[in-house]
Protein chains: 2
Amino acid sequence: MFKVITISRQFGSGGRTIGKELAQKLNIPCFDKEILEKVADSSGFAKEYIESHGEYADHRTWLGRAFGTPSRFDGMTNQDKIWVEQRKIILELAEAPCVIVGRCADYILKNRQDVLNVFIHADDKFRAERIVNLYGEKPEKPEKRLKDKDKRRSAYYKNYTETEWGIASNYHIALDSGKLGIDKCVELLTFVYKSN
Amino acid sequence: MFKVITISRQFGSGGRTIGKELAQKLNIPCFDKEILEKVADSSGFAKEYIESHGEYADHRTWLGRAFGTPSRFDGMTNQDKIWVEQRKIILELAEAPCVIVGRCADYILKNRQDVLNVFIHADDKFRAERIVNLYGEKPEKPEKRLKDKDKRRSAYYKNYTETEWGIASNYHIALDSGKLGIDKCVELLTFVYKSN
């Protein structure tokens, strides 16, 4: 019997929308940006700061990793402090049935038998169109935004979990939302959650 | 509307069983070892030889890749000849609705819009138990057999497709057969195939 669903997702793939709609169908809460608020409340960091440091590798971590130098030579970074706080909040939220989007929740809950780990992805064309529709035109090309966001999510994930992001065998179910459609993904996941 | 399903799978994950049962439910043929026979007929190579060279990197390819030396310095290897023949047969089979297990069919058919690419995986414990039950005890440990088979499948895949095996975004749907159960995987895939 599954209790909690975690959704990891490529940027622009509709993973968050799928999480929200799935939670609505299952009549359980979905935590995504709500986690930011909780981390802000308990840590004192600003919401905007957490948003850009709670799921994306910051420049130093990223460069540090790329050049093989330690990224935390001076003790805990702000990002580490956010990780610790965010982890604590995710563990608390997962006590009751819910959907949790992003933030390495799959890794944080990996020893739990009642957690279904989902990965949502789609091809660049689908995602580029989607982010332009959702977030509007920006000075940089949508393909560049996708690449940058995914790279930083992947680096963040690797930094804190020491495993690779987006490897099929790390998830119980991985779906191409571009090919299958967002509604079908919601339907499939509802079926899996309900029938176990 | 999907016409063809390709199933890539970790060794021992039950991907072949899922393919067979899925095909039966959909009333379409499933091609797995049948492909070996067709390749044997048209190429003249022995079935056993094709079995060990049609999906697994042979020692030379594998070492060649590991040490960065060309694996085909003397022209087409037997493995290359099998690849060419196998590719031709897969393209022919995919003209009609069917399930195709393994043999890089996902890559061979990647430009087709009506092909659903599936990846089946499971944790080592589930797979080790399964291969002992299916293929019996062998002198080497089941974990070692899994690791070796996956490594050679992955190297074969990379050699001919120049992409990584087992990356979630390369498949439309990836399922953990150990977590979800083989029957549930068949049910999910039947649903996806029928509802598109």
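Just above sits the structure.
The following paragraphs examine the structure supplied in this document. Within every chain, residues take consecutive numbers counted from 1 along the sequence as written. Whichever chain is written first becomes A and whichever ligand is written first becomes 1, with later ones labelled in order. Owing to the predicted nature of the model, reporting of local features is limited to residues with pLDDT of at least 70; listing and counting of side-chain atom pairs is limited to 80 or more, with chain, interface and lining totals taken over all residues. Based on all heavy atoms of the structure, the side-chain values leave hydrogens and waters out of the count.

**Re the overall build of chain A**
Applied cut-off: Helix and strand assignments follow DSSP, with helices taken as H or I runs no shorter than four residues and strands as E runs no shorter than two, numbered in order from the N terminus. C-alpha atoms define the radius of gyration, and 2.2 Å times the number of residues to the power 0.38 defines the globule rule. Categorising residues by exposure relies on relative accessible area from a 1.4 Å probe, with only protein chains included: less than 20% of the type maximum marks a residue as buried, more than 50% marks it as exposed, and the intermediate range marks it as partly exposed. The contact definition used throughout considers only heavy atoms, calling two residues in contact when any of these lie within 4.5 Å. Note on areas: these come from Shrake-Rupley sampling with a 1.4 Å probe, and a residue is covered only by the protein chains present in the view. Neither His nor the chain termini are counted; the positive set is Lys and Arg, and the negative set is Asp and Glu. A single reference atom marks each charge: NZ on Lys, CZ on Arg, CG on Asp, CD on Glu.
Across its full length, chain A holds 10 helices and 5 strands. The C-alpha radius of gyration computed for chain A amounts to 16 Å, which stays within 12% of the reference 16 Å derived for 196 residues, consistent with globular compactness. The dimensions of chain A, computed from C-alpha atoms along their principal axes, are 50 × 40 × 30 Å. Looking at chain A as a whole, 54% of its 196 residues are labelled buried. Counted over contacts in chain A with a minimum sequence separation of 6, partners at least 24 positions apart contribute 73%. Of the roughly 9,300 Å² of accessible surface on chain A, 51% is carried by carbon and sulfur atoms. Treating the 33 positive side-chain charges of chain A as one cloud and the 29 negative ones as another, the clouds have centres 1 Å apart.

**Considerations on the interface of chain B and chain A**
So the rule is basically this: A quick way to say it: buried area is the sum, across both parts, of accessible area lost when two parts are put together, with a 1.4 Å probe. When a carboxyl oxygen of Asp or Glu lies within 4 Å of a side-chain nitrogen of Lys or Arg, that pair is called a salt bridge. Under the rule applied, a polar contact is a pair of N or O atoms within 3.5 Å (in protein, one hydrogen donor and one hydrogen acceptor; residues adjacent in sequence only if both atoms are side-chain atoms).
Contact with chain B, which involves 27 residues of that partner, is made by 26 residues of chain A. For the pairing of chain B and chain A, the buried interface totals around 2,100 Å² over both sides, and the portion due to carbon and sulfur atoms is 62%. For the pair chain B and chain A, the interface holds 0 salt bridges. Counting every contact that joins chain B to chain A gives 13 residue pairs in polar contact (both at pLDDT 80 or more). For the side of chain B that touches chain A, the elements supplying multiple residues, two or more each, are strand E4 (115–121), strand E5 (173–176), helix H9 (177–180) and helix H10 (182–194) of chain B.

**What to know about the relation of the copies chain B and chain A**
To keep it simple, the criterion reads: Each copy is superposed on the other by least squares, with the fit set by C-alpha atoms of residues at a pLDDT of at least 70 in both.
Under the fitted operation, chain B is carried onto chain A by 0.0 Å of movement along the axis and a turn of 180°, and the coordinates agree to an RMSD of 0.0 Å. Expressed as a symmetry operation, the mapping of one chain copy onto the other fits a two-fold axis. Same-surface contact between copies: 96% of interface residues of chain B are shared with the interface of chain A.

**Some words on the pairing of strand E4 (residues 115–121) of chain A**
Residue and element names in this part refer to chain A. Here is the rule: Strand pairing follows a simple DSSP-based rule, namely that at least 2 bridges must link the two strands.
Most of E4 is tucked away: 7 of the 7 residues are buried. Residues of E4 alternate between two faces, with Val-115, Asn-117, Phe-119 and His-121 on one and Leu-116, Val-118 and Ile-120 on the opposite face, all of them buried. Relative to E4, strand E1 (residues 4–9) runs parallel, the two being bridged by 6 bridges. From the neighbouring strand, Val-4 faces E4, where its bridge partner is Val-115.

The analysis is restricted to geometry; functional conclusions fall outside its scope.
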